[in-house]
Amino acid sequence: MKDLLDAIVENNRHWTQYGNVATYIPELSKGNAHALGVYVYDVDGNEYSSGDYDVKFTIQSVSKIVSFMCALMDNNFEKLCTKISVAPTHDGFNSIVNLETKNSHKPLNPMINSGAIATISMVKGDTPEDKFNRILDFMKKITNNPNININHDVYHSEKNTGDRNRALAYFMKSTRIIGDDVEWILDVYFKLCSMEVTCKDIAYIGALLANDGVLPFNGERVTTKDICKIVKAVMTTCGMYDGSGEFAVSVGVPAKSGVGGGIVAVVPKKMGIGVVGPALDKKGNSIGGIQILKDLSNRLDLSIF
Ligand SMILES: NC(=O)CC[C@H](N)C(=O)O
């Protein structure tokens, strides 16, 4: 496995030159466009890594699956569906248009910005600190990494330039998808996006989902199989935004990307795969990361379809 990962990373390094790091959040423009790495964690606890697997990056939208898991645990699917749908979109991750024109003002799914902001509003917690800590604590537990924390420079950069997200949130306030606490829900959203991780951390999240809610490193059940089923289904249809269809054909496993360059992929019953490559394609997905996952899926016959 190690040799295979080494070969795949090296064969795909050239892809990084065809992408760009995100700049709309100014602090993200400092990301290393040439970094490319992978970490595999299987349900039996074996771990393999290659390339720049220890590069730190902010989790960005990969956090949306952690918020979604918490919201499903704190409510239930039916209740969540009164606020958020699970329908794919062919618009970008921060698109506003669908909120007004489709779906009775409900965000289309929890994997895009509007849906994630609405998801956070459904997570338990009477104060912003409670809500953030609820999700951060769960994140620390499932990654087996007590040191996960926010990157303050990215957090401030997000907060200072987050007007598009504010527009989404205030629109949803006007249609009563979220309440009066809109500013502090946004603050929790910015913090969650700014959590600093490596591809090992996100591979661990993937392995939990692959293992149907049981942590591979200690056998503890932390969520239900049903919740994992819902999260994986929504990742498959929506996790790569408007690139989800293409990704399902070329890689064929549930996945979630973030503009920090991370992608987590879940091979049900087998493994979680974390990749990092801050150079992004036009849809905001890691350009080299997708190629690694494509090759790995082909070589190991991982597609679920
Ligand atoms: N696709 C992403 O990773 C987007 C997350 C980013 N923090 C934003 O709100 O735009």
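Rules used throughout
Residues numbered from 1 in each chain as written. Predicted model: local features only at pLDDT ≥ 70, side-chain atom pairs only at ≥ 80, totals over all residues. Heavy atoms only, no water. Near = heavy atom within 4 Å. Polar contact = N/O pair within 3.5 Å; in protein donor to acceptor, adjacent residues only side chain to side chain. Areas by Shrake-Rupley, 256 points an atom, 1.4 Å probe, with all protein chains shown as cover. Nonpolar A, V, L, I, M, F, W, Y, C, P; charged D, E, K, R; others polar. Domains from an automatic or database assignment. Phe/Tyr/Trp six-rings, centres within 6.5 Å; stacked < 30°, edge-to-face > 60°. Buried < 20%, exposed > 50% of the residue type's maximum accessible area, 1.4 Å probe, protein only. Lys NZ or Arg CZ within 6 Å of the ring centre and 35° of its normal. Contact = heavy atoms within 4.5 Å. Buried area = accessible area lost by both parts, 1.4 Å probe.

1. A few points about the site of the ligand
Lining the immediate environment of the ligand, one finds 14 residues, of which Tyr24, Gln60, Ser61, Tyr189 and Tyr241 sit closest. Here an oxygen atom of the ligand and a side-chain polar atom of Asn113 are 3.1 Å apart. Interatomic distance of 2.8 Å between a side-chain N/O atom of Glu158 and a nitrogen atom of the ligand. Relative to its unbound accessible surface of 300 Å², the ligand loses 99% to contact with the protein. Split by residue class, the shell around the ligand holds seven nonpolar, five polar and two charged. For the shell around the ligand, the domains that each give at least three residues are domain 1 (2–58 + 197–299) and domain 2 (61–193).

2. Digging into the packing of aromatic side chains
Tallying each qualifying case throughout the model produces seven aromatic pairs. With a centroid separation of 6.0 Å and an interplanar angle of 65 degrees, the aromatic rings of Tyr189 and Phe190 are classed as edge-to-face. Residue Tyr189 shares its accessibility class with Phe190, and that shared class is buried. The lysine or arginine in question, Lys191, covers the ring of Phe132, its NZ or CZ lying 5.7 Å from the ring centre.

3. What about the domain arrangement of the chain?
The domains assigned to the chain are domain 1 (2–58 + 197–299) and domain 2 (61–193). Relative to domain 2, the C-alpha centre of domain 1 lies at a distance of 20 Å. The interface of domain 1 with domain 2 comprises 36 residues on the first partner and 37 residues on the second. With both sides pooled, the region where domain 1 packs onto domain 2 buries about 3,000 Å², and carbon together with sulfur makes up 77% of that total.

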